[in-house]
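Single-letter residue listing:
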Amino acid sequence: MMTAPKIDIDSFWLPKATSTLAGQVDSAWNIVLYTCIVFFLLLMVPTGYFLMKYRRKKEGEVTSAIDHSTTIEVVWTTIPLGVLVVLFFVGLTPWVSAKVAPAGALEINVTAKKWNWSFQYPDGTVSAGKLIVPKGKPVKLTLSSVDVIHSFYVPEFRIKQDAVPGLYTSLWFEATEIKDLTVLCTEYCGNADPCPKDESIPCGHSDMLATVSVLDETKFKEWLETGGEDKSTPPAERGKALFASWGCATCHSLDGSKATGPTMKGLFGRKEELADGSTVSVDENYLRESILVPTAKQVKGFPLVMPTFQGQLKPSQVDALIAFLKEQK
Amino acid sequence: MSSHDHGHAIGGDHVPHVLPYAAYFATWGALMFFTIITVGASYVNFGPANLLIAVVIATLKATIVAAIFMHLWFDHRMHSMILGSAGLFLAIFIAFTMFDTESRGHLESITGERPADMSNPFLGGSARQKAMNALYPVGSNSVKLSAPGIVPGVFDVPAAPSASAAPEASATVSPEASASASASASVAASGSTSASVSGSVSAAPSASAPPKH
Amino acid sequence: MAQGVAVPGTHEDHPSPKAKNYINAEAGVWSWLTTVDHKRIGLMYLVSTLIAFALGGFFAILVRLELLTPKKTFMSGHMYNQAFTLHGAIMVFLFIIPSVPGALGNFLLPIMVGAKDVAFPKLNLMSLYLYWIGALFTLSSLVLGGLETGWTFYVPYSSTTGGAVIAVTFGVFVMGFSSILTGLNFVVTIHKLRAPGMGWFRLPLFLWATYATSLVQILATPVLAITLLLLLFEKAFQIGIFDPKLGGDPVLFQHFFWFYSHPAVYIMILPGFGIASELIAVHAHRKVFGYRAIAFSSVAIALIGFLVWGHHMFVSGQSELASTIFSALTFLVAVPTGIKMFNWISTLWRSSIAWTTPMAYAAAFLFLFAIGGLTGLFCGMLGTDMHIHDTYFVVAHFHYVMMGGTVVAFVGGLHHWWPKMTGKMYSDKLGKLSALLLFVGFNATFFPQFILGSRGMPRRYYNYLDQFQPLHQFSTVGSWIIGLAFLVALYNLLDSLKNGADAPDNPWGGLSLEWQTATPPPTENFPVTPRVTHGPYDYSDDRNATGASDS
Amino acid sequence: MSASANDEKLSPDFHVAHHFDTADQQFDSARMGIWLFLVTEILFFGGLFCAFFIYRSWYFSSFVEAHHHLDKVMGAVNTCVLIFSSLTMALAVRSAQVNDKAKTVGFLIVTILCAFGFLVVKYFEYQHKIHDGLLPGVHFTAQGFSSPHPGTFFAVYFMMTGIHGLHVIIGIGLILWILLRAQRGDFSARYYAPVEGVGLYWHLVDLVWIYLFPLLYLVG
């Protein structure tokens, strides 16, 4: 399981509100909460009172013959109806603001797959598992999924939207605080069986977490300019991080054990037998091709299920991955 | 046991309500007639009305079958109500479902090409993406993201071309319009919803619409 | 005794309970398996659904136990997914949907309308067999590699995952037919087999609720059947109706599914409403306040229930316009539901409440359902639903409705009609103890889940953030109390069969027809077809006031 | 209406089931049951109609292109066959109503023959589709389609006609059952509820096809 930031709870019911929308949702929440409490008391106080007062003291008590009152039926039909109409509009308001992103919002594409999130910025920068956004600027997320339905949920932002394969859905937010927040998947998407030994690798629905890092505008620009990568760390180390964050480890083991895909242990220089009968020697070109066009050379005995990473990984990231894979002796 | 009592709604059910042969053959004739009509109509292209014509004729035929062959016309009104309720709830089902599917943005209308590349939904397909890729070649290390407005629309520069308003296409309507409603598939619908409800949102939010917030 | 309801020759010189009744009319397993007696079929439904409930409850306990700690407590994530899927699927399809109509409805409906049997007794037996066959297919998943789709079978997960999806889908498909046939049987019985004098407004409210339920079963279940059939073909042959890779639409599946499953929520809760009306009226010995309002609100809930299914899909990618309309319509359902609550409470006013076990359950029902119903407002509101959708808040909400509502009413109804069904009285003390334990355990289990959900804990999570652990632990302990409550109730009822006193014909002083016949009832319910002269709740001696319900 | 006149026409096997008071009540209940059952059938097919309308609207060009691969003539022939069988079924019910056993049996036989005829035509249609690779979803192998997702049309086509065909087969079984009972002399002017019930079912099968034919074959 990825380490996820704690959800900040600052009231009995709700997490701390850290987006512009959260305030609106919370107002609606409070209105419906107090309405419910009032109605609950309205129902339960008489119930409790009647249950005590009208206990049977002796057999054969004569009970009231009043069996209806049109007036009172009309009253308790129309008053709740009026309250409900109001509640509908109370609920509608924050929702409309949640659904219509301001023009000029920073547009980020979100791709969900079992069991990780990746975020693609307009300049092509791709960040896996970590959504970096500027504070105080509207950010519009366009979601899709490559396998099953997932759902993007940030409790402190009060936003949620399913990521559906074959469909684009969207939502937007504007963060109001500089901090790290947890993204949760709320649409059930299964579990790997068995789980990878390494517990840091997401293994199922409840591990499909990501982090939203809200930075101030300057820091965000800096981050984006470097493509989200820290060039000072050695490539192999960056590759290791990429290997984990892109979910490669879900299918490729590092210890030689068999999984959905071939193991990465002793990969470099190995002779692989392909599905078409030919063999290939694993070198940089083969690795690059397999990452970008997995369908090109399918290793015998493994299903062709790997998605392409073309357009998601930058060349420098592919290089980093290759550097990491070369070290897996 | 009378067979002369057709023509009025039946009362006692243990008296079978027997129609004359002529009624059956006339019904059959009418059905064949409408079959010929509907087949004939299929050779003429009425455009969008094709479906409507077919459904209307089919409904006529179905009504005839139900009324005569299935005896509904002479039967308890209850049975007509039962059949009617089936139609009503079917209509509710189809109407509400299509209410969603017709007002929802669908991948096809966005990408303009099918089948969509499911393994990488954001690659290649969308016009917006193509425009974006043209501006910033994917993965190109040579792109230095230093110019202001490089994340169009976010940091000031209202006039800067937004990601979706690609150089080549600010004028063309179809791929671009869909691309800017884009990616938010369904936002177009919400635009009209909210417009009707709150009147505060433009009906077709696009990249060039004034910011609301 | 039989105030206002003249049933010749049933009660005056009623012989001892050992006399011929539906239970001892014939002996042997074969006589039960081939019976067309609605009471025997009802009893077999009762036993079957209770076994299913025990099994579903077992999985619930496992799920709660696993959630005692974040990460692994004692089972793998894969097994956890199967446990909650089976808990949901069994509880919904094998227990709640068939339980009240199948068990209590079958047993009581013909007696309550004064008929000898349901309209189509053989069809009724076929329903039971279809239920058994469907249940077998569903449970076969236990040995066929499990099922981990969640009870909602959302595509494309269900059409791409392994396990026994096809077997379960087929099982639920078959059980759907069982449900349809039961509903059809009930509608025809109520329309055509009412005893002389049994006008529509002399039907006990339980029958109005059952009637509304049956309408929903007939109108909604076929859509589930076609949905599951399409899913089955999708899974087996990849026909591409729902598969996005082939141009299908996963969200369309949700429309199909919820067009059934939302009305199905009313299949589950309406019978509970009906039972609650009976329990309150009989044990408070008062003419029901707003009989017609309660009766019509049942039908209204059933019909409006068809217009609101999209509220399960506010964040699914459904168009915003559709969501808005569905949300608005959703609020309409709250009106008839509120009317019921108000009228029940008014029925308690100036009544004579006997604190029996069934009344204790009815009181628990009123409290729990009030919470379940009101918290539905949070889910129906677009803005707040966005936050709590697919979180524990929703889990708590529907458990308050389904379990706090239907199950509590069902167990209350079981205690209410147990003497009639078995001819034995149970211990009232133990019965009330079980009601109290259930009430305490239920709130301990599910109230914390409201808090968990509103704080951001998603549902169907095997692993969770450490900060949620205290509330999860509280909830798990609560689930043990619920388990204990059911064990006490089960012991009490089973013990009564052996050691209980013989039940009189009318232990609670009820006025509807089932109390006017022998206990247990004879095979054809009444020696002579009863002639009904008054409404089912004319407890008041003031005969002038009863005119209102005659017409 | 003299009771004795009715009694004469009662078939020997007929008796009012134990839980009904009168034959009327039994007859009415049976018919209401059948009508309610037909409601479930309509809603069952309704799901597929819903899918048809939605995907037709989404993949309009694909549906138009794909429907040209259906054989209009065969569809029209089958429509006529089914409508004719509906006529003979209605006449069979009429014959039962007037105590004409020979005609009841005769019309039922014609109805069954029509049903088989329908299935034979359907068989040839399916054979062509399968041969041309016009199958649903992943099994769609036909070449030369210019629009995407023609498989979706055929998914709808095969599901709809397949389930309809299944109903025809069930119908054959039911009519056969009625036929044997009619032959045995079970029915009379006073007791013909099973004939009418199966008749209603058969008309519904026809009714569904009345919609399927234009939607799938004609407008696509």
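Just so you know, these numbers come straight off a predicted model, no measurement behind them.

### Quick look at the nonpolar core
Inference 1: Ranked by size, the top nonpolar core spans 386 residues in total, and within it A:Trp117, A:Leu131, A:Phe152, C:Phe93, C:Phe153 and D:Phe154 carry the most contacts.
Inference 2: The element best represented in this core is helix α8 (residues 250–284) of chain C, accounting for 23 residues.
Inference 3: For A:Leu131, the contacting residues outside a window of four places in its chain are A:Ile108, A:Phe119, A:Tyr121, A:Leu141, A:Phe152, A:Phe173, A:Thr211, A:Val212 and A:Ser213.
Inference 4: One finds A:Val126, A:Met264, A:Val280 and A:Ile291 within the second-largest nonpolar core, a separate group that totals 27 residues.

### What to know about the state of the cysteines
Residue and element names in this part refer to chain A.
Inference 1: One pass over the structure, following the stated rule, counts one disulfide over all chains.
Inference 2: Covalent S-S linkage joins cysteine 195 and cysteine 203, the inter-sulfur distance amounting to 1.7 Å. Residues cysteine 195 and cysteine 203 are joined through a disulfide that is left-handed, its torsion about the S-S bond being -70°.
Inference 3: Assessed through its relative accessible area of 41%, cysteine 195 is described here as partly exposed.
Inference 4: Given a relative accessible area of 4%, cysteine 203 falls into the buried group.

### Quick look at the side chain of C:Asp243
Residue and element names in this part refer to chain C.
Inference 1: Looking at the element boundaries, aspartate 243 is found in the loop between α7 (205–237) and α8.
Inference 2: Lacking a salt bridge, the buried aspartate 243 has lysine 245 as its closest oppositely charged neighbour, with an N-O distance of 5.4 Å.
Inference 3: When near neighbours in sequence (up to four residues on either side) are disregarded, aspartate 243 contacts Glu234 and Gly248.

### Overview of the interface of chain C and chain B
Inference 1: Of the residues lining the interface, 26 residues belong to chain C; the matching set on chain B comes to 20 residues.
Inference 2: Around 2100 Å² of area is buried between chain C and chain B when both sides are counted, 74% of it from carbon and sulfur atoms.
Inference 3: On the surface where chain C and chain B come into contact, there are three residue pairs in polar contact (both at pLDDT 80 or more).
Inference 4: Of all elements in the fold, only α7, α8 and α10 (320–348) of chain C reach the threshold of two or more residues within the side of chain C that touches chain B.

### Focus on the sheet that holds strand β8 (residues 169–174) of chain A
Strands pair in a sheet through their backbones, by hydrogen bonds, and they do so in one of two ways: parallel or antiparallel.
All names here are of chain A.
Inference 1: Read from one edge of the open sheet, five strands run β3-β2-β1-β5-β8, paired in mixed fashion. Each end of this open sheet is capped by a strand with a single partner; those strands are β3 (126–128) and β8. Neighbour to neighbour, the strand axes of the sheet diverge by 25° on average, direction disregarded.

### Some details on the pairing of strand β10 (residues 210–215) of chain A
Regular strands place side chains that alternate from one sheet face to the opposite one.
Residues and elements named next belong to chain A.
Inference 1: Of all six residues that make up β10, five are buried, and the element is covered over most of its length.
Inference 2: The pairing of strand β4 (residues 130–134) with β10 spans five bridges and is parallel. Directly across from isoleucine 132, in β10, lies its bridge partner serine 213.
Inference 3: Direction of pairing for strand β9 (residues 180–185) relative to β10: antiparallel, over a ladder of four bridges. Its bridge partner being in β10, threonine 182 is matched across the sheet by threonine 211.

### Section: a nonpolar patch on the surface
Residue and element names in this part refer to chain A.
Inference 1: A cluster of nonpolar side chains, namely Tyr34, Ile37, Leu41 and Val45, defines an oily patch on the protein surface of about 400 Å² accessible area.
Inference 2: Among the secondary structure elements, isoleucine 37 is positioned in helix α1 (residues 20–53).
Inference 3: A relative accessible area of 40% places isoleucine 37 in the partly exposed class.

### Considerations on the interface of chain A and chain C
Interfaces are often sized by the accessible area lost when the parts come together.
Inference 1: Taken together, the contact pairs 84 residues of chain A with 100 residues of chain C.
Inference 2: Both sides together, the interface formed by chain A and chain C hides about 7800 Å², and carbon and sulfur atoms give 70% of it.
Inference 3: Joining chain A to chain C, the criterion identifies one salt bridge.
Inference 4: Linking C:Lys287 and A:Asp67 is a salt bridge whose minimum nitrogen-to-oxygen distance equals 3.7 Å.
Inference 5: Scanning the region where chain A abuts chain C turns up 32 residue pairs in polar contact (both at pLDDT 80 or more).

### Regarding the side chain of C:Gln318
Inference 1: One can find C:Gln318 in the loop between α9 (291–304) and α10.
Inference 2: Judged by relative accessible area, which is 3%, C:Gln318 ranks as buried.
Inference 3: Residue contacts for C:Gln318: discarding those within four places in its chain leaves B:Asp100, B:Arg104, C:His255, C:Gly310, C:Met313, C:Ser323 and C:Phe326.

### Some thoughts on a positive patch on the surface
Inference 1: Together, A:Lys53, A:Arg55, A:Lys57 and C:Arg350 give the surface a local cluster of positive charge.
Inference 2: Inspection of the secondary structure assignment puts A:Lys57 in the loop between α1 and α2 (70–99).
Inference 3: Among the residues examined, A:Lys57 registers a relative accessible area of 64% and is labelled exposed.

### With respect to the sheet that holds strand β7 (residues 159–163) of chain A
Residue and element names in this part refer to chain A.
Inference 1: Spatially, five strands are ordered β4-β10-β9-β6-β7 in an open sheet, and the strand pairing comes out mixed. Both edges of this open sheet fall to β4 and β7, since each of them pairs with a single strand only. Between one strand axis and the next, the sheet turns by 25° as a mean value, whatever way the strands run.
Inference 2: Pairing between strand β6 (residues 150–154) and β9: two bridges, direction antiparallel.

About the cut-offs
- Residues numbered from 1 in each chain as written.
- Chains lettered and ligands numbered in written order.
- Predicted model: local features only at pLDDT ≥ 70, side-chain atom pairs only at ≥ 80, totals over all residues.
- Heavy atoms only, no water.
- Core = buried A, V, L, I, M, F, W, Y, C linked by side-chain atoms within 4.5 Å.
- Buried < 20%, exposed > 50% of the residue type's maximum accessible area, 1.4 Å probe, protein only.
- Helix = DSSP H or I, 4+ residues; strand = E, 2+ residues; numbered from the N terminus.
- Contact = heavy atoms within 4.5 Å.
- Disulfide = S-S within 2.5 Å.
- Lys, Arg positive; Asp, Glu negative; His and termini not counted.
- Salt bridge = Lys/Arg side-chain N within 4 Å of Asp/Glu carboxyl O.
- Buried area = accessible area lost by both parts, 1.4 Å probe.
- Polar contact = N/O pair within 3.5 Å; in protein donor to acceptor, adjacent residues only side chain to side chain.
- Pairing = 2+ DSSP bridges.
- Axes fitted to C-alpha atoms, helices over the stretch in contact; angles between N-to-C directions.
- Patch = residues over 30% accessible without salt bridge, like charges linked within 9 Å, V, L, I, M, F, W, Y side chains within 5 Å.
- Areas by Shrake-Rupley, 256 points an atom, 1.4 Å probe, with all protein chains shown as cover.
- Charge placed at Lys NZ, Arg CZ, Asp CG, Glu CD.

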